[in-house]
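Residue strings, one per chain:
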Amino acid sequence: MIGATLAVLLLSQRFRGGAMTAVVNEDTWTARRINRTALITMVVMVFAWAVDYIDRFSIGMALPMIGAEFELSKTQQGWLVTVFALVYMVCQIPAGFLADRYGSRGPMLVTLLLWSAFTAMTGMAGTFGMLLVVRGLFGVCQGLFPAASFKAIAERTTPGNRATVTGVMLSAGGIGAGLAPLLVGPLLMAVGWRHTFFWMAGIGAIIGVVVWTLLPKALPERLSSLPRDEAKTPEVSRKQVLKSFVVWKFTLLFCATNMLNYGLITWVPSYLLEARGLTLNQTGVLAAIPMLVSIGTTILGGWLFDRYFHDHGRWYLGSIALVTVVLLILMVSAETTAEFTLYETLALAVFGMATMAVFGLPLRVLPTAVTGIGMGVMNFGGQVAGAVAPVAMGWLADAFSYTAAFGFLICTTFLTAVMAFWVPQNPAQFTFSPAGPSSGS
């Protein structure tokens, strides 16, 4: 959490001089109050997302133990991640409607408490079939969270710094994914995989209550939405968002980018244990390093997008993706474990800067009233990746090798570079019409 805390302190300086200090017409919403609202929201959401990712990706560390107990192939182990992702994916668009209808605070509390309950039930499953059912129900609970969290950010920030704030929030993915192996590895060794899930459930429930208590009041919409002269169609319906060809372009782009994260988080621990012969504790440390490094670069990417690339994201995203492809090739061909970890760390560090190149423009353009459904649609695409990558890589590892499995990620990351030049890159090109692609470059 240290990196996120430092980022908050640095961002507070930016907020004092940036778009967050917009002129306000009501004394109650002073620039200082606007800044404080954004900063508190950012800290609260970092904690919430960190718990989300710790609970979600701890299964990757536990897969070898679960596989041994239930005598599962790697393809079957992959299904434990994929069944979660499939259900999680289906919930994204309904979750967007709920967030727009009921706001962010209530849905986030309910989901945090329920997913903690199903985290505990994971440790109670007596058969592989029951484990699949529980992971699916876990996916329902967590599936309602992202749209509500994006809604919380949209309600409590102004458009000029929204990518920076969201970048800090999403950096919690690195915190959670990095802490998961460090926390879960020793717990697995000490108490076994079943009791490990009990411990995580209790922590998640406490964080849920804290999030509900500390989340501040939302800004007035005149402060949280893009000014009319900057947005091409500032007032749109949820139906228009669902039919927007541009929104679905970004959905497919997020699908391509999210393959890398899901693939590495799911299969690197098993690879280090089986192919490299490491112990569980060693695996936990090496699996954590790349994720923790990506925290800073995700925050940096949000700041860079707000400062320099908010209207020029294509070359930024395309270049980052191509550099990542080269680093992944070096990772796959690494002869030693140290080299493998080094190139994996560099790949995720570089690719972390691309996160807000995917989310930044939609978050600037989408009116606050439909942010929930817009982000729900986009996250639907990201979870298609979560459904495909684990089981596809598990099958490739069973049928061929881990090299073939990681080669799958090289291909999807190259696809990201190509798709970067397919999506619009400024508000004028972002339309909500169901017709063909927007023009301009």
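Residues numbered from 1 in each chain as written. Predicted model: local features only at pLDDT ≥ 70, side-chain atom pairs only at ≥ 80, totals over all residues. Heavy atoms only, no water.

Draft legend 1. Main features of helix H10 (residues 245-274). Taking 1.5 Å of rise per residue, the 30 residues of H10 would be expected to cover 44 Å, and the 44 Å separating its terminal C-alpha atoms lies within 8% of that figure. The sharpest bend along H10 comes to roughly 40°, located at tryptophan 267, with the proline proline 269 sitting one to four residues further on. Across the 30 residues of H10, 24 count as buried, placing the element largely inside the fold. (Helix = DSSP H or I, 4+ residues; strand = E, 2+ residues; numbered from the N terminus. Expected span 1.5 Å × (residues − 1). Bend = angle between axes of the 7 residues up to and from the residue. Buried < 20%, exposed > 50% of the residue type's maximum accessible area, 1.4 Å probe, protein only.)

Draft legend 2. Here's a closer look at the nonpolar core. If you look at the biggest cluster of nonpolar residues, it comprises 104 residues, and the most contacted ones within it are Met45, Trp49, Phe359 and Phe406. For this core, the element with the most residues is H10, which contributes 16 residues. Two domains each put at least three residues into this core: domain 1 (33-224) and domain 2 (240-428). Excluding residues that lie within four positions of it along the chain, phenylalanine 359 makes contacts with Phe150, Leu170, Phe254, Met375 and Met378. Counting 19 residues, the second largest nonpolar core, distinct from the first, contains Phe128, Leu131, Phe197 and Leu280. (Core = buried A, V, L, I, M, F, W, Y, C linked by side-chain atoms within 4.5 Å. Domains from an automatic or database assignment. Contact = heavy atoms within 4.5 Å.)

Draft legend 3. Region of interest: the packing of H10 against helix H13 (residues 337-352). Two elements in contact, H10 and H13, have axes separated by 12 Å at closest approach and are oriented at 160°. As far as their axial angle goes, H13 and H10 are roughly antiparallel. Regarding H10 and H13, the two cross each other, and that crossing is left-handed. Packed against H10, whose contacting residues are Thr257, Leu260, Asn261, Leu264, Val268, Tyr271 and Leu272, the element H13 presents Thr337, Phe340, Glu344, Leu348 and Phe351 at the interface. Of the residues contributing to the contact of H10 with H13, the split by class is eight nonpolar, three polar and one charged. (Axes fitted to C-alpha atoms, helices over the stretch in contact; angles between N-to-C directions. Parallel < 35°, antiparallel > 145°, perpendicular 65-115°, else oblique. Left-handed = near helix turned anticlockwise from the far one by under 90°. Nonpolar A, V, L, I, M, F, W, Y, C, P; charged D, E, K, R; others polar.)

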